[in-house]
Every structure is written in structure tokens, then in C-alpha cells.
4 protein chains.
Amino acid sequence: MMNFSSENHDGTHLRILKALINSNNGFAASYGKDEYTIEAIELFREVFGTKELEPFFCFNGTGANNFALSSISEKHNAILCSESSHLYTAESTAPETFTGCRLYPVKTVNGKILIEDFLLKVNTKNDVHLPPAAILTITQPTEYGTIYDLNELNIISNHCKENNILLHVDGARLFNALAAMNCSLADFVKICRPDALSLGGTKSGLMFGEAVVFFNNGRFRNLNYNHKRSMQLASKNRFIAAQFIELLKDGLWKEIATHTNNLAKYFERELAKTGKAETAYPVETNMVFIKMGQTPFDQLKTSVRFYRWDIQREEVRFAFSFSNTIGDINSFFKEYKKVMNHD
Amino acid sequence: MMNFSSENHDGTHLRILKALINSNNGFAASYGKDEYTIEAIELFREVFGTKELEPFFCFNGTGANNFALSSISEKHNAILCSESSHLYTAESTAPETFTGCRLYPVKTVNGKILIEDFLLKVNTKNDVHLPPAAILTITQPTEYGTIYDLNELNIISNHCKENNILLHVDGARLFNALAAMNCSLADFVKICRPDALSLGGTKSGLMFGEAVVFFNNGRFRNLNYNHKRSMQLASKNRFIAAQFIELLKDGLWKEIATHTNNLAKYFERELAKTGKAETAYPVETNMVFIKMGQTPFDQLKTSVRFYRWDIQREEVRFAFSFSNTIGDINSFFKEYKKVMNHD
Amino acid sequence: MMNFSSENHDGTHLRILKALINSNNGFAASYGKDEYTIEAIELFREVFGTKELEPFFCFNGTGANNFALSSISEKHNAILCSESSHLYTAESTAPETFTGCRLYPVKTVNGKILIEDFLLKVNTKNDVHLPPAAILTITQPTEYGTIYDLNELNIISNHCKENNILLHVDGARLFNALAAMNCSLADFVKICRPDALSLGGTKSGLMFGEAVVFFNNGRFRNLNYNHKRSMQLASKNRFIAAQFIELLKDGLWKEIATHTNNLAKYFERELAKTGKAETAYPVETNMVFIKMGQTPFDQLKTSVRFYRWDIQREEVRFAFSFSNTIGDINSFFKEYKKVMNHD
Amino acid sequence: MMNFSSENHDGTHLRILKALINSNNGFAASYGKDEYTIEAIELFREVFGTKELEPFFCFNGTGANNFALSSISEKHNAILCSESSHLYTAESTAPETFTGCRLYPVKTVNGKILIEDFLLKVNTKNDVHLPPAAILTITQPTEYGTIYDLNELNIISNHCKENNILLHVDGARLFNALAAMNCSLADFVKICRPDALSLGGTKSGLMFGEAVVFFNNGRFRNLNYNHKRSMQLASKNRFIAAQFIELLKDGLWKEIATHTNNLAKYFERELAKTGKAETAYPVETNMVFIKMGQTPFDQLKTSVRFYRWDIQREEVRFAFSFSNTIGDINSFFKEYKKVMNHD
């Protein structure tokens, strides 16, 4: 059955799987003292173009975000996040448990924070009663597949520096944004200047594994202790490191992201040809959202899986993963046209 | 180089790796709604011999223990644990973060809790000031490789029921204890009657992955919500489930555990022949602890890896994993005798 | 200097002070085992008209709210609160620390929650990723001095029961609402049917002290343990209990609340006569909010204290406490008219 | 009835009560912006002989200790405390809730920590798995009324500095220790060099109220935010401040402490005369512990209240408060001799 539900429904990319098999070569030190981890950390320094960073590996996205945010926050702080962020909508109360902080939702347009609302919620009063905003976390690309362009990132980063707000980027799908902008990791962090970045692996073809990168300069202390406290220190960490090496070392990330971004663009064009629906948000990376009622959704779901994103707004989501093909999309539109003509 | 450091230094067992490769067959539902997970849950019911259980999959041992304990405790409780337990010595402050509870260390002999000290710390006063003990967690086998026999488990379980104390078992290496006692999972839980069990996979040949099994009867609510809150809900959970299916379905666990237990017994016999050292604890599963000073340790470490367990007590640990062989041990003793004759 | 800043700027009502002096008569059991506390609990049962309640005493409002909410919530829950509530704006991150829950802000009109937004945020999906709303907390009267009438309370309570949402009332100024509605505590809880109520003392003339009342029926367990854990168990609790006895036993609460409500009404009328300003919210209890620019505020503050409530909206607040008099208000308007004619 | 249960059973000292009445003179700024608080802070600087301190007021001892410790710890730390400390035995799980840290109990002799056990538990390994000890909290005088003399304090403080351990003193009864050592607050902190001190008021005659003093030099940030987060910021703080001013300003603390210390010494002498019992610990401040079986305890309790401290060890405690007199003790021994001759 065709499946456009989520990159999480897809398996492990074959090159990643091969890297896993190759790294399964006898004994290796545990808890990240192994040579794969050491190599991966060096590779991070190379691809990010700076030695001033500290990378850590994590099991999943929720673990990565909460490890990152608990490492740069204090317990009386508030964290500003978009109202549609994974952190706010899909990580249970792990943020409260781990950081002890308040989450303030910031209004969004097309998934991107409204600067005015962000600035409104940056509490400038020196008032002990109200949790002061100390961190902004943005998602790049957003949960709607839209991207902050480099100019927007620069503006947001400037506002953060001016207001003494730390910047975290949830980059669960960052590679898709970079491919879309034709931008390297190094250029991205040069312009965006995040203090911490959650870098997704699972949605880019890994079996499991994410990374958190701190751009530190010594401000954040005891990161390794907090990594363990956050339950993200893998005993056989070589298996996360080996996957990231494969993903990063000669552009596999870009190959996958370009492929899935292209699928979304292709889908958008095919959709336009049908004249049956409009996309709900600009298609900028590997996801397409459209309005669809319950009836066509029910008819289509016998042959294709995709996600009812928002029942009230009648939005459905098509997310493209590395295993998807142009052929899948063509097959989908055959079904789609049948269902739509029935309408 | 020979390596007896820890099962965590070993890789992925080849049968497990093959199961991973086989499960990488296209799309599968995420977050444990896939068929591998459904099959694994059924298999758990079968091997545990009861339908009255709820299994959940986790990333690592710290995640498993803290998910388990946070699910059965209340925030004003104390949790009794052995002073040498992983929970008390190797999980940072994740227990405090997740459960909010006090940990009371219980004295041990050979890694096993002293019943008298356990009973002393079961606070029977109805006193709101002192956190009341509500849970006992024991490790089977213990961190020293020793095991509670079935009679001891029955006694501990009875004390728990009489004192209204919930029982959790940290079974990171449970398969080694079961193989040593020639006992099935079903018989183990029939006698031990735990309320929750952390069942280790990583130390038994998995690439990653642990399980938590609740023996519930409806007392523990919202386990699935707490699983997510504990950051243990894997997006591509099929890859944990497929490994557990392979481990459990036709006795791979027993094959591995018997092999590693036998290695420890062989090591103990070879050691006895040298007349150079005595084991620090009874050798009952897959680990051997001996006294060793700094000098021989330093000499040996050029050719073999093992763990300085306790510097003050001059104890070193040899832990045997599935990749170790009788040949490894023979090679070790060649080096060992050389070093010891130098003394 | 005239002071309309807050009831917290006022001292201790003379009858309350006298009760404190009288209760200082030698030894009394500590931690609420004393006769004053026992008498106060009986009195609570009497004035609330039910035996099905458990009252606890607390030090301050933040302590009361967080003890109440942490006692009726689970760690994966969300708590719905008005965006202007004390809980959301003036208790730092104590809610996250104590409850571990997410706070979802609900939109308000005149400080009262918009039912539609409340219902929108009652998450009905059985989705482990999103913290499910489990509790609604409303403030009666609101932070703007407005009140939910009995019909509105009944509707909100019905929505809560239908959606399986527990209801907490922050009644830091509840007596003012009751006096305004000419309603007894017993009638209030009969209609509102809260699961827990924070009942304010400090703002009604106490030196210090609040109460939390649980309407329980056995659902909430270990309240006394959580009371201690919440750091609200006073060693010399008789001094809180004796104050509440005085406040409740023969209508002192009503006398004070009627007086301060009347002052607000008088202020509103005098303001209307000046033709210089309008109230920002309906004046329903003991507070008046008006628009006022920086210049008149600065001119007035040499002779009278009141609170700049919201700088962006240019709202100022006049809160009336038991020590304020009609004469104070007359004096204020003399100054006010002078300043306003200068404009 | 005679009462030697606890200073918490006693009321408010008449001079303190008078100070409360005098401070009830109209309006005063809330949340510690009032003139009493400002005066009290100045007075703290004077009596401690340094300007390098930041005092905060709290409601009770549990609040004070947890505010103090949560302000100087990080979430991955362990806090070393004596196994008999109030923190470990009488504050529920507030320490875990607030600090997120592990408590490591340190063995004691006569209530005072064993230096060897303290040093053993100072974890010097750079190991992320085990929570590293970061703070030592000692109680002066101890829960058994014994005191660390100035030489012992100096040694403990030196060990802390050498091991990079912060030092907190729980001084719930510090005035008794100071009176016994004839030592000023200034001299005490000069020798002991604590980083934070909980200074008890309630047990020294206050109606309610404790203080926390940080000896800071800028290391501890955002103390005022954490004070609010810890729910210890009193709205009508003048009433705590006014009590501390009275206690500190012209030696009332010393007068009370000397009186209650003398009562304990008198009790010890009278006890010795009876030849019927021995004290369980050296009598160094205002408490006397003796062995007493259930039968005499039950016979005595019809005429006198005192505390069964430890049922297993059959220890009872006599704590002397400001209201107790030599006459009370004489009356007690009349009863005591009757009961003992019955034996």
C-alpha cells in the first residue's frame, strides 16, 4: 500500500543499514567512548565549519529537544515556542518534567512564528512573579513544511541577541530546509546563530538517532551530566554515530532531502493539474497539506495512507520519505481522480 | 584486543542483526502501531504465560527503569533500592527528575538486599513528614552477578505484599539469571510476582532496546501517556520489537545467556587453577569479580580490556558477552600468568 | 498616603489580630493537631454545608493553588487556566515544578474564560503525544474583579463533568464574589461543584494564611502527604486556623467584602461624575480598572498609591481593602480632578 | 499541662507578638518592598558583619531549606546530608521536587556527620553516571541538640573548599548553638564560611517565619526568581521582617536561647540526681534525650507532653522552649520520680 503518512513509517535507508552492519564489527567502547563517536564528533565540527561546538547523540526527537532545552534553561524561565511546535503538541509533559519551565505558545502564520507576538511575549519587566522568557525555540522547517529563509533567520537571531534570549532550533527535518535553500550546515549556523540545535536523523533515513549540537563558548556547563540525566546516553552509541557518519560524510543527507523535496513539488504540480484542491500552506520542503473532507479521505484510505492532520480544519498531510517515488505519486493521483470524480 | 569490559562493548548478535535487516521491509506504522510491535506484545503474553500484562518498549535501561518506577509511584513516596543498584549508582538524577521520589539505599550482601535492612526501612508510621516507602526495586541478577534464588524471591515478594510495597525488578541481565536457575520467564513471574519488570535487551545482544512489563490488573493507569512522557516511545518502534521477537521466539535468549554464564564458570575454574586470586562474589551468572591491584591491572590492560569496578576495594570485573569465547579466556590466562609470575 | 494598590498592602484586620493574640495562650499541638485547627475544620464543614470535604491550611496563594492542583492532577496532564490567571502570570514556574503539568492558557473576556475556547482546548483525542486537559481552573472573582454568575458557574461545571475535567476554583478573593452575589459558601459550592477550592485569607484581612478545600469522595488520595510535600504544613498551624475561625464564624468575611465592594461601587460613581474616564471592566467586586496615561499617573503617585496594571493597554487598578474608607476615595478624587484639569 | 514536646508547640514570644502588633500600622508595600523588610535586611548585614550577603524571608523550615538548596544546586547533583537531618527525615519529597537532586545520607555520631563517611561520599570520579556530590548540608545544632564546635566547623569548611563542595547550614535552632558557644552570628559565619544558611525563627519564638542567607559574591544568580518559584515570597512580608527585627536587634535571640539551654542543663542535673536514667546524647543546647520504655512514657503522658523520638531505640526527647520554666521541670521530676518508683 502507498504510504505518505510520515518519514517515521519508512524504514532505514539502505546506505544507513549498510553502515550499521559494517559498524557491527566486534567490541567497541560503550557510552560514546568508541571510535565511531569520536569520528562523528570530528565530522560534525567539519560540516558545521567550527570547532566551537559540542555534539551529543540522542535516541529520539523528544529526547533531543528536552535534553537541549533543559541544558540551556533555568528552572524559573519561560520558553517561547510556536503554538504548532512538536515541543508544544507532541512531547507530552516531558518539557515540564525536564526543564521545569513554562512554555509560552507564540502565534504563527504558515507555521512560522509571528515576530510581533514573539516580541510581545519577551517579558522585559524585571518581575519575579511572571516566568521570564529566556529561550526561543523555532522549528526549521516548520511542522507545515514551510521554511524561515536566511533573512528571516537573521532577523529572529538579532531579536534574540538584543533581548538576551537564547535560540534553539528544532531541526528534526533540517536537512530538507537546507536542501531547499541550497545551504550548508555551516552557512545555516553562521546566519542563524543558534545556541543549541536538535538535528534529526530518524526522519532522514536513520533506524533511530538524533543529535544535539551546542554552540557553546563555555556558557553551558555539565552538558555531559545532563545528557546522562536526560536518559539519552546510549550504551552502544557507536550505532547512532555510525549512522550519522554515513548521513553526513558525503552528502547522503542532501541526496535524500532533495529527493523528498522534489516529490512534494511534483505532488503539488500534479494536484494543480487536477484542479480539485489547493495546498493549505506553501510547499517548501517535503510535505504537502491540503483540505480534504471525511468522505474522500475514507475512500482513499483503502489504497493509500496519509495523515489526518487537523480534523477541525479538514487538513490532511502528505509527507514524503526516501522510499517514496514519482511512481507512487502517479498511482495516488489515479485513485485521487477516481474519488474526486465520484464527488 | 580481548574485551571483557561489559556486554555494552559488544555489538549486535548476528541473529538479531538479521532480524533488523528483515524488518526493514518498506513502510510500517509508527509509534508502536506496527505489526512487529503487535506480534512482540503477543509473544510477551505467551512467554510470560499470562494475558494480565502490559509490555512497553524503551530505548535503554535508564529509560526503562525510570519509566517503570514513575508509572507505579506517587510523588511523595520513597523507593527502596539496593545501595549498589544501577538505579542508585548509574542513572544520574533521572530517578528524582522522573519520579520525584526519594531513593532509600538498602544494605546488601553479595549485591543482594539484606532483608532486615529492607524491613527496617519500610516505614510503618503514618507520618507525613518522612517519605513512606512504597516500592522495592531489586536487581536480578545483581550488579555483582549474584542471583536471588526462587525461595528468596518468594520471601521478598511476601514481605512486599504484607507491607503494601510494590515490587519492581531491574532485569537488565534477567536472562542470565533465568538460564542459571533453569527457569522460564513464566515461572519467574509466578514466584516473584513483580508489579513491574525492566527486561534488558541491550546486554543480551540487541543493538538497542529494553522492555518494561507491568503486571497490572488495572491498578496502574495512563501507562501509555507516561511512556510518551518518559521519552521512551520510539517512532520506528518496529526495530525494537523485531529484535525482541528474535530474542524471545525460539530461545535465543537462553542460548546466549547459557553461553555467557558458562564462560564465567570456565573463567572461575581457570582462575582457581592459577592459585593467584579469589573471586570477590559467588560466580552465579556471567560476571566474575576479583581483587587486583593497580600494577597487574596496568600490565594487563595492554592486551585485554576489563573494568576497574571499585578502586577503593581493588575490585575488577570480567563480564562475558555473546562474542566472547573459551579461546579468549585461555588467551587471557596466558597473559595473566605472565603478569602474576612477574609479581 | 492613600493606598489602593492591593489588599496585600493592607495590614491585619483588628478582629483577626485580636484572634491571633487570644490564640497565643501557651502550648498547642504542632502541625495542625491543635484544637484551633480541629475547630476550624468543623467550621469549614458547617459553612460549606457538607461533611464531604477536606480542608487544609496553607501559607500563601501560590502555595494553595499549587498544593491543590498537584493533588488532583497526574504528571502527563494539561491544566486549563485563563490567560490572565494568577497561576499563569504570577506564580513563577511553581506550577510546572509541583504538578509537572502543561498549562494551557484559555482566552478571556473581562477576565472570564471564553467557553468556546475552553471547549476547543479540551482535547478529546486519545493521543499520547499531546498532554490531555484534565483540569480547568477558574478564578472567582477574576483578576479584573468580574464575577461568573451562578448560571455561568453551573454551565462551566456541566461542561467539566461532561468532558471528565476536574474543576478548581482560585478563590483568593472569593468572599468578594459571594458578597456581591449575596451567596453563601454552601450555595456557591452546591452550584459550582468544584473538586478543589483555594480559599483566600490574606486578601480578606488575615496576616497570612489561605485554605484549600477538597470536595473529595475519596478520589484524591494522600492529600496530607502532598500537603507536607508542598511545604504548606505550618508548624504552628493554630495561628492560621484561629484567623480563619474569626473570619468565618460570624460573618466577618461578609462585612469586609461588602465594605470593599461598596468602596469600588462608590469609586465608580465618583469617577462617572468626573466625566474623565471610563472603567475598563464591569465593576462587580472590590476593584476598578481605568485607562490612565503615564503623565497623570506620575502626578497622582505623589499622593496616592495604585497599581499600573498593564503598561501597554495603559490600564491602572484601584483595589479596595478593609482599611480603605469613603473619605480616602473623596480625597483621591480631589487630587484626581486637579490632575485631570491640568491635562 | 506541662509541655516539652517541641518549640513548635509553644506560641509567640510576647516581645515578638508586640512587634507584630506594632507593625500592623496601616499600609505597607507588599512582597518585601516594605520598610520593615528593608530594615531587616540592613540588620542582617549588621549582625552578620558583612555586606556580602543576600537574605530572604521564608514561611517555614522546609521552605527555607528547599529554597536554599535549590538555589545553589544543579539538577544532576547529589546533596550530602546527615542521615538524621530534617531534610532527610522530615521534609517529605520536597527536596527531590525542588532541587531534582539525589540526597546521599552521611553517617553520624551524636547527630554530627562522620568526616570519614562524608569524604567517602564526596565522589571524586568524573563519572556522568553517578550524581556527583556538590553540596554538604549540616545542621547546627543537630537534631540531637549537639553542636559542632568552631574547630569542627572550620575543619568541615576546609574539606568543603578543598573538594569544591558548597556548604549549607540548617540553622533551625542556630541561636541555641551560638548561645551555647557564646559566639556571634558574625563570628560563626567567619569560621564556618557557609554558602547558604537557613536561619530559624519559628523555634525561637516567632509566630512563623524563617530566613535564608546567601553568602554569595555573585555566584548564585536569580535568587529572587527562585524565591518566588519556591513559593516563599510572602505578600505581607512586613510581618516576617518585623519579627526578625525584634529577635535580632537587641539580643532577644540570645536571651531566649540562653534560657532554653539553661533549662536543658537544669533538666540534665535533676535527671542525674534521680539516678534513674542517662542522657542518650551530650546535652549541649536546649534538648535532652533519654531512654524510656513504653510503660513510664504512658504513665507520664497524662501530666506532661514530650516526644517519643525513636520507638526502636526507646528514645524520648525533651525540648525546651521560651515558655518553659524551672518550675515546669521541678513539677516534671515530681511526676517522674513517682512513676519511676512504681517501676
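Before any of the text, the structure's been laid out above.
These numbers were taken from a predicted model, which means no experiment stands behind them.

Undergrad: Describe the overall build of chain A, and please don't skip the residues or the numbers.
TA: Check the secondary structure of chain A and you find 14 helices and 14 strands. Computed over its C-alpha atoms, the radius of gyration of chain A comes to 20 Å, within 12% of the 20 Å expected for a compact globule of 343 residues. Once the C-alpha set of chain A is aligned to its principal axes, its extents read approximately 60 × 55 × 35 Å. The burial tally for chain A puts 66% of its 343 residues in the buried class. In chain A, the proportion of contacts linking residues at least 24 apart, taken out of those at least 6 apart, comes to 76%. Total accessible area on chain A is roughly 11900 Å²; 49% of this is exposed by carbon and sulfur atoms. In chain A, 37 side chains carry a positive charge and 38 a negative one; their mean positions are 2 Å apart.

Undergrad: I'd like a rundown of empty space enclosed by the protein, residues and numbers included.
TA: Applying the stated rule across the entire model yields 13 cavities of 30 Å³ or more. What the largest cavity holds in volume is close to 310 Å³. Taken together, 28 residues make up the lining of the largest cavity; nearest its centre are T97 of chain A, E96 and T97 of chain B, T97 of chain C together with T97 of chain D. Elements supplying a minimum of two residues to the lining of the largest cavity: α5 (94–99) of chain A, α5 (94–99) of chain B, α5 (94–99) of chain C together with α5 (94–99) of chain D. The residue makeup of the lining of the largest cavity, split by class, is four nonpolar, twelve polar and twelve charged.

Undergrad: Explain the environment of I240 of chain C residue by residue, including any values.
TA: Residues and elements named next belong to chain C. In this fold, I240 is placed in helix α11 (residues 238–249). Judged by its relative accessible area of 0%, I240 falls in the buried class. Setting aside chain neighbours within four positions, we find I240 in contact with F57, C58, F59, F208, G209, E210 and A234.

Undergrad: Mind laying out the interface of chain C and chain A, listing which residues take part and the relevant values?
TA: Between chain C and chain A, the contact holds 25 residues from the first and 25 residues from the second. Buried surface at the junction of chain C and chain A, summed over both partners, amounts to about 1800 Å²; 48% is from carbon and sulfur atoms. Between chain C and chain A we count two salt bridges in total. Between R102 of chain A and E96 of chain C there is a salt bridge whose closest N-O contact spans 2.5 Å. One can count twelve residue pairs in polar contact (both at pLDDT 80 or more) joining chain C with chain A. For the side of chain C that touches chain A, the elements supplying multiple residues, two or more each, are α4 (86–89), α5 and β4 (102–106) of chain C.

Undergrad: Quick rundown of the relation of the copies chain C and chain A? Include the residues and the values.
TA: When chain C is fitted onto chain A, the two copies agree to an RMSD of 0.0 Å after a turn of 180 degrees and an axial shift of 0.0 Å. Such values leave the two copies arranged in the relation of a two-fold axis. No C-alpha of chain C lies nearer the rotation axis than that of E96 of chain C, which sits 2.8 Å from it. Taken as a fraction of all interface residues of chain C, those also at the interface in chain A reach 100%, which identifies the copy contact as same-surface.

Undergrad: Mind laying out the relation of the copies chain A and chain B, listing which residues take part and the relevant values?
TA: Take chain A, turn it by 180 degrees, move it 0.0 Å along the axis, and it overlays chain B with an RMSD of 0.0 Å. A symmetric contact is evident, with 100% of the interface residues of chain A recurring at the interface of chain B.

Undergrad: Can you explain the interface of chain A and chain B? Please cite residues and give values.
TA: Counting from both sides, the interface comprises 49 residues of chain A and, opposite them, 49 residues of chain B. Summed over both partners, the interface of chain A with chain B comes to about 4000 Å²; 60% of that surface belongs to carbon and sulfur atoms. Considering only the surface of chain A that becomes buried against chain B, F27, M231 and K236 of chain A emerge as the three largest contributors, covering 21% of it. On inspection of chain A and its partner chain B, the count reaches zero salt bridges. Between chain A and chain B we count 26 residue pairs in polar contact (both at pLDDT 80 or more) in total.

Undergrad: So what about the sheet that holds strand β3 (residues 78–82) of chain C? Which residues, and what values?
TA: Residue and element names in this part refer to chain C. Spatial strand order, β2-β10-β9-β8-β7-β3-β4: seven strands in an open sheet with mixed pairing. Unpaired on one side and paired on the other, β2 (54–58) and β4 mark the two borders of the sheet. The average undirected angle you get between the axes of adjacent strands in this sheet is 20 degrees. Pairing of β2 with strand β10 (residues 210–214), which is carried by five bridges, proceeds in the antiparallel orientation. Across the sheet, the residue bridging to E54 is F214, located in β10.

Undergrad: I'd like a description of the sheet that holds strand β14 (residues 315–319) of chain A, backed by residues and values.
TA: All names here are of chain A. With antiparallel pairing, the three strands of this open sheet are ordered in space as β11-β14-β13. Looking at which strands have only one partner, the edges of the open sheet turn out to be β11 (287–291) and β13 (307–310). Across the sheet, the mean angle from the axis of one strand to that of its neighbour is 35 degrees, orientation sign disregarded. As paired elements, β13 and β14 share three bridges and run antiparallel to each other. When the bridges of β14 are listed, D310 appears paired with E315.

Undergrad: Describe in detail the environment of R238 of chain B, supporting the description with residues and values.
TA: Secondary-structure assignment places R238 of chain B in helix α11 (residues 238–249). Among all residues touching R238 of chain B, those that are not within four sequence positions of it are H9, D10 and G11 of chain A together with S23, N24, N25, G26, F27, A28, D34, Y36 and T37 of chain B.

Undergrad: Tell me about the side chain of T97 of chain A, residues and numbers included.
TA: In this structure, T97 of chain A sits in helix α5. Side-chain polar atoms of T97 of chain A contact the backbone oxygen of T93 of chain A, separated by 2.9 Å. In this structure the side chain of T97 of chain A is engaged in a polar contact, spanning 3.2 Å, whose partner is the side chain of R229 of chain B. Beyond its immediate sequence surroundings of up to four residues, T97 of chain A is in contact with T97, F98 and R229 of chain B together with G100 of chain C.

Undergrad: I'd love a proper account of the state of the cysteines, names of residues and values included.
TA: Per the counting criterion, the structure on display carries zero disulfides over all chains. Free of any disulfide, C160 of chain A has its nearest neighbouring cysteine sulfur in C192 of chain A, separated by 8.4 Å.

Undergrad: Please give an account of helix α1 (residues 14–23) of chain A that cites residues and values.
TA: Within the sequence span of α1 of chain A, burial applies to I16, L17, A19, L20 and S23 of chain A. The arc that holds the buried residues of α1 of chain A, viewed along the axis, is 160 degrees, so those residues lie on one side. Of the exposed residues in α1 of chain A, those oriented more than 90 degrees away from the buried face are L14, K18 and N22 of chain A. In this fold, the buried residues of α1 of chain A make contact with α2 (35–48), α11 (238–249) and α12 (252–274) of chain A together with α1 (14–23) of chain B.

Undergrad: Break down the environment of I135 of chain B for me, with residues and values.
TA: All names here are of chain B. Looking at where I135 falls in the secondary structure, it is placed in strand β7 (residues 133–139). For I135, a relative accessible area of 0% gives the class buried. As for I135 and D117, which are separated by 18 residues in sequence, their C-alpha atoms are 14 Å apart.

Undergrad: A description of helix α7 (residues 150–162) of chain A should follow, citing residues and the corresponding values.
TA: Residue and element names in this part refer to chain A. For α7, with 13 residues, the first-to-last C-alpha span of 18 Å sits near the 18 Å given by 1.5 Å per residue. L153, I156, S157, H159 and C160 are the residues of α7 that are buried. Mapping the buried residues of α7 onto a view down its axis gives an arc of 160 degrees, with all of them on the same face. For α7, the exposed residues set more than 90 degrees away from the buried face come down to N151 and E162. Structurally, α7 contributes buried residues whose contacts are with β6 (112–113), α6 (115–121), β7 (133–139), β8 (166–171) and α9 (185–192).

How each quantity is defined
Residues numbered from 1 in each chain as written. Chains lettered and ligands numbered in written order. Predicted model: local features only at pLDDT ≥ 70, side-chain atom pairs only at ≥ 80, totals over all residues. Heavy atoms only, no water. Helix = DSSP H or I, 4+ residues; strand = E, 2+ residues; numbered from the N terminus. Rg over C-alpha atoms; globule rule 2.2 N^0.38 Å. Buried < 20%, exposed > 50% of the residue type's maximum accessible area, 1.4 Å probe, protein only. Contact = heavy atoms within 4.5 Å. Areas by Shrake-Rupley, 256 points an atom, 1.4 Å probe, with all protein chains shown as cover. Lys, Arg positive; Asp, Glu negative; His and termini not counted. Charge placed at Lys NZ, Arg CZ, Asp CG, Glu CD. 1 Å grid on protein atoms, 1.4 Å probe; cavity = no way out; pocket = protein on both sides within 12 Å on 5 of 7 lines; lining within 4 Å. Points joined across faces, edges and corners; volume = space filled by probe spheres on them. Nonpolar A, V, L, I, M, F, W, Y, C, P; charged D, E, K, R; others polar. Buried area = accessible area lost by both parts, 1.4 Å probe. Salt bridge = Lys/Arg side-chain N within 4 Å of Asp/Glu carboxyl O. Polar contact = N/O pair within 3.5 Å; in protein donor to acceptor, adjacent residues only side chain to side chain. Least-squares fit on C-alpha atoms with pLDDT ≥ 70 in both. Pairing = 2+ DSSP bridges. Axes fitted to C-alpha atoms, helices over the stretch in contact; angles between N-to-C directions. Disulfide = S-S within 2.5 Å. Arc of directions from axis to C-beta. Expected span 1.5 Å × (residues − 1).

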